[in-house]
Amino acid sequence: MMPASLQRRVAFYAAITVTCTAFGASFAAAMPANVGSANGTDVSNAFGQKGSKVCIAWGNSPSDSSLSNFKTSHVVGLYDWSVDKPTSANALGFDYWPMLWGGDEAHISAFENAVTQGFGTIILGFNEPNEVGQSNLDPDTAAALWKQYIEPKRSLGYKTCSPAVSAATNGQQWMRSFMQACSGCTIDYQCLHWYGLGASNLETYLEGYHNMFNLPILLTEFADEDFSGANPPTVNDVIAFMQQFLAFVDNTSWMLAACPFGTSTSESAVVTISSSRTSCAERWLIVFGRRRAAHVGSEQPERAAERGRHSDRAWVHRDQ
């Protein structure tokens, strides 16, 4: 029998085949090949529109040419937990979303140097500030940093998305406190993360945040996954999850984007995507399973931190 970890990888590869069909014919309705903003700070016309709500959480090298394999008319947004904008993002027509990952000097310096007019379209706020192992910011500090570094970028034409809390029980209270502390801040969208089992549970989670803050939502990380290992989803579970949830995203007006965690250009246990492969399933490979820690040392700190958050979780795998 196939090992559970490999089964989950295959499950999510199968699920991405569903991704390409679950949105169905609506995706193909008169959409140009490149629907991103390409150049300029304004979001593209396709952003948030039915049939164009898939986004990429990119963890490979900025110069990795395989990014082109992931661009379809359905895929608009692109981010990388940092400001390491892929070199081909503009030419491929992506809306690039720079992130201020945390409040330390290194992230702030990189953000300030990179985020100029036309560099991207939406600024993503801090990465899971309610988690000790992530950006780990209290709401007051996060609000002060937002006012100092993110809010001024609106004068350059950027939209802004809130810090992305995890689905931990302290997430909603953290966000309520942040919104209160950030009085006078302009926040266009709600960024969120979710990992768990069952599309209905994810939908309920998102509806709760929308009812509370009444903001359009960018779900910048999600997966059907049981971190405890007690009830790992089967292939059929994952396919059903993707079918149900992607239909929800496409048909819910306040859901503007969903980024499955995460994209990969190589996973020897499943399939290798190359520039010669053009099928929808091969353009979209979502690999879930045990991560390979051997590559942590050469990655950006925020990506290494993401790798270290859970022992059994989806991750963007980069061969070197």
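Data block above holds the structure.
Quick caveat: nothing in here was measured; it's all calculated off a predicted structure.

Side note on helix α4 (residues 139–150)
Listed in full, the buried residues belonging to α4 are Pro-139, Ala-142, Ala-143, Leu-145, Trp-146, Tyr-149 and Ile-150. Mapping the buried residues of α4 onto a view down its axis gives an arc of 165 degrees, with all of them on the same face. With respect to the buried face of α4, the exposed residues turned more than 90 degrees away are Asp-140 and Gln-148. Looking at the packing, one finds that the buried side of α4 touches α3 (105–114), β4 (122–124), β5 (159–161) and α5 (171–181).

Re unusual backbone geometry
Not every positive phi belongs to a glycine, and Trp-81 is a case in point at roughly 60 degrees. As for its position among the elements, Trp-81 is in the loop between β2 (75–79) and α2 (89–92). Phi is positive for Asn-214, which is not a glycine, with a value near 55 degrees. Looking at the element boundaries, Asn-214 is found in the loop between α6 (199–213) and β7 (217–224).

Things to note about the state of the cysteines
One pass over the structure, following the stated rule, counts 3 disulfides. Between Cys-182 and Cys-185 runs a disulfide, and the two sulfur atoms are separated by 1.9 Å. Because the sign of the S-S torsion sets the handedness, a value of about -80 degrees for the bond joining Cys-182 and Cys-185 places this disulfide among the left-handed ones. Cys-182 sits in the buried class, given a relative accessible area of 4%. With relative accessibility at 16%, the residue Cys-185 sits in the buried group.

Quick look at the pairing of β2
With 5 of 5 residues buried, β2 lies mostly within the body of the structure. Relative to β2, strand β1 (residues 54–57) is paired through 4 bridges, and the arrangement is parallel. For Ala-57, the partnering residue across the bridge sits in β2 and is Tyr-79. Examined bridge by bridge, β2 and strand β3 (residues 95–96) share 2 bridges and lie parallel to one another. Each residue of the ladder has a partner; that of Gly-77, found in β3, is Asp-95.

Remarks on the nonpolar core
In terms of nonpolar packing, the biggest core is built from 57 residues, with Phe-178, Leu-202, Leu-206, Leu-219 and Phe-245 touching the most fellow members. Sort the elements by how many residues they give to this core and helix α7 (residues 235–251) lands first, with 7 residues. In this view, Leu-202 contacts Trp-194, Leu-219, Phe-222, Phe-241 and Phe-245; residues no more than four positions away in its chain are not counted. Phe-47, Ala-57, Trp-81 and Met-99 belong to the second-largest nonpolar core, a separate cluster that totals 23 residues.

Some details on the environment of His-193
Tracing the backbone shows His-193 in strand β6 (residues 190–196). According to the relative accessible area criterion, His-193 is buried, its value standing at 0%. Remark: the alpha-carbon pair of His-193 and Ala-223, spanning 30 residues in sequence, is separated by 9.1 Å. Within polar-contact distance, the side chain of His-193 engages the side chain of Thr-220 at 3.2 Å.

Quick notes on the pattern of salt bridges
Inspection of every chain in the model, using the stated rule, returns 2 salt bridges. With its nearest N and O atoms 2.5 Å apart, the salt bridge here joins Glu-112 to Lys-153. Of this pair, Glu-112 sits in helix α3 while Lys-153 sits in the loop between α4 and β5, and the two are 41 residues apart along the sequence. Look at Glu-112 and you get partly exposed, because its relative accessible area is 34%. For Lys-153, a relative accessible area of 8% gives the class buried. The salt bridge partner of Arg-154 is Asp-188, with a shortest N-O separation of 2.5 Å. Linking Arg-154 in the loop between α4 and β5 with Asp-188 in the loop between α5 and β6, this pair joins segments that are 34 residues apart in sequence. The buried category is assigned to Asp-188, whose relative accessible area is 17%.

Structural notes on the packing of α3 against α4
Between α3 and α4, the least distance of the axes is 11 Å, while the angle of their chain directions is 30 degrees. Taken together, the axes of α3 and α4 are roughly parallel relative to one another. Like other packed secondary-structure pairs, α3 and α4 cross with a definite hand, here right-handed. Contacts between α3 and α4 involve Ile-108, Phe-111 and Glu-112 from the former and Leu-145, Tyr-149 and Ile-150 from the latter.

Concerning the packing of aromatic side chains
For the structure shown, the criterion picks out 18 aromatic pairs. With centroids separated by 5.7 Å and ring planes inclined at 75 degrees, the aromatic side chains of Trp-81 and Phe-261 adopt a geometry described as edge-to-face. Note that Trp-81 is positioned in the loop between β2 and α2 and Phe-261 in the loop between β8 (255–260) and β9 (266–267), a separation of 180 residues in sequence. In this structure Trp-81 comes out as buried when scored by relative accessible area, which is 0%. Feature note: the residues Trp-194, Phe-222, Phe-241, Phe-245, Phe-248 and Trp-254 constitute an aromatic cluster, connected by ring pairs. Taking the ring centre of Phe-94 as reference, the NZ or CZ of Lys-71 above it sits at 5.3 Å.

The rules behind the values
Residues numbered from 1 in each chain as written. Predicted model: local features only at pLDDT ≥ 70, side-chain atom pairs only at ≥ 80, totals over all residues. Heavy atoms only, no water. Buried < 20%, exposed > 50% of the residue type's maximum accessible area, 1.4 Å probe, protein only. Helix = DSSP H or I, 4+ residues; strand = E, 2+ residues; numbered from the N terminus. Arc of directions from axis to C-beta. Contact = heavy atoms within 4.5 Å. Disulfide = S-S within 2.5 Å. Pairing = 2+ DSSP bridges. Core = buried A, V, L, I, M, F, W, Y, C linked by side-chain atoms within 4.5 Å. Polar contact = N/O pair within 3.5 Å; in protein donor to acceptor, adjacent residues only side chain to side chain. Salt bridge = Lys/Arg side-chain N within 4 Å of Asp/Glu carboxyl O. Axes fitted to C-alpha atoms, helices over the stretch in contact; angles between N-to-C directions. Parallel < 35°, antiparallel > 145°, perpendicular 65-115°, else oblique. Left-handed = near helix turned anticlockwise from the far one by under 90°. Phe/Tyr/Trp six-rings, centres within 6.5 Å; stacked < 30°, edge-to-face > 60°. Lys NZ or Arg CZ within 6 Å of the ring centre and 35° of its normal.

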